[in-house]
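Chain residues, written in single-letter form:
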Amino acid sequence: MNTDKTRIFQDFAAKAKRRIEERKRFNTKEYYVKDADVTLTLHGLTEEEISDGDEMFEGKGLEKDKYIIYLACRELQEASGIMAAEGSLKESERYKITEMFSFSDRSYLASEVLKLSGIGADCSVEAIPAVREVDEIKN
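Thresholds applied
Residues numbered from 1 in each chain as written. Predicted model: local features only at pLDDT ≥ 70, side-chain atom pairs only at ≥ 80, totals over all residues. Heavy atoms only, no water. Pairing = 2+ DSSP bridges. Helix = DSSP H or I, 4+ residues; strand = E, 2+ residues; numbered from the N terminus. Buried < 20%, exposed > 50% of the residue type's maximum accessible area, 1.4 Å probe, protein only. Axes fitted to C-alpha atoms, helices over the stretch in contact; angles between N-to-C directions. Parallel < 35°, antiparallel > 145°, perpendicular 65-115°, else oblique. Left-handed = near helix turned anticlockwise from the far one by under 90°. Contact = heavy atoms within 4.5 Å. Nonpolar A, V, L, I, M, F, W, Y, C, P; charged D, E, K, R; others polar.

## So, the pairing of strand 2 (residues 38–43)
- As defined by bridge partners, strand 1 (residues 28–33) adjoins strand 2 across 6 bridges and the pair is classed as antiparallel. Counterpart to Lys-29 in the pairing with strand 2 is Leu-42.
- The antiparallel pairing of strand 1 with strand 2 creates a hairpin that spans 4 residues between the two strands, and Asp-37 there sits at a positive phi of about 55°.

Now the structure itself:
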């Protein structure tokens, strides 16, 4: 019986390892912003990056949205670097390049970044009906 328990936990560990590796890969998608006439490539963010945004802009949702979009977009990062070098953006406020977009476009793009990051995506958790009996695995 002990080998059955070991196999069960080894299988579980293998699934966990595979899923963690899969989640490290960024989901990427292109978006066209008609009002600004630009195409952006957005990718998902890590949990750490999203947490950093939460901590930096606690209670300031609009600023957090700008920062999240900036982090998820290479085009915005490169363009803001040029603007910072020219002096039209402060180095510490490069994320404010996202002010080029309307409020509604920023809101949409931020929600898309979160979806690409796995937040707000469809949940895969299902409750198992109570009638199914489960043998408890004891240590």
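## Considerations on the environment of Glu-75
- With respect to the helices and strands, Glu-75 occurs in helix 4 (residues 74–86).
- Glu-75 gets classed as partly exposed once you look at its relative accessible area, which sits at 32%.

## Details of the packing of helix 2 (residues 47–56) against helix 3 (residues 61–71)
- The N-to-C vectors of helix 2 and helix 3 enclose an angle of 150°; their axes lie 9 Å apart at closest approach. Taken together, the axes of helix 2 and helix 3 lie roughly antiparallel to each other. The element helix 2 and its partner helix 3 pack so that their crossing is right-handed. For the pair helix 2 and helix 3, contact is made by Glu-49, Gly-53, Asp-54 and Met-56 and by Lys-64, Tyr-67 and Leu-71, respectively.
- Classifying every residue of the contact of helix 2 with helix 3 by side-chain character gives 3 nonpolar, 1 polar and 3 charged.

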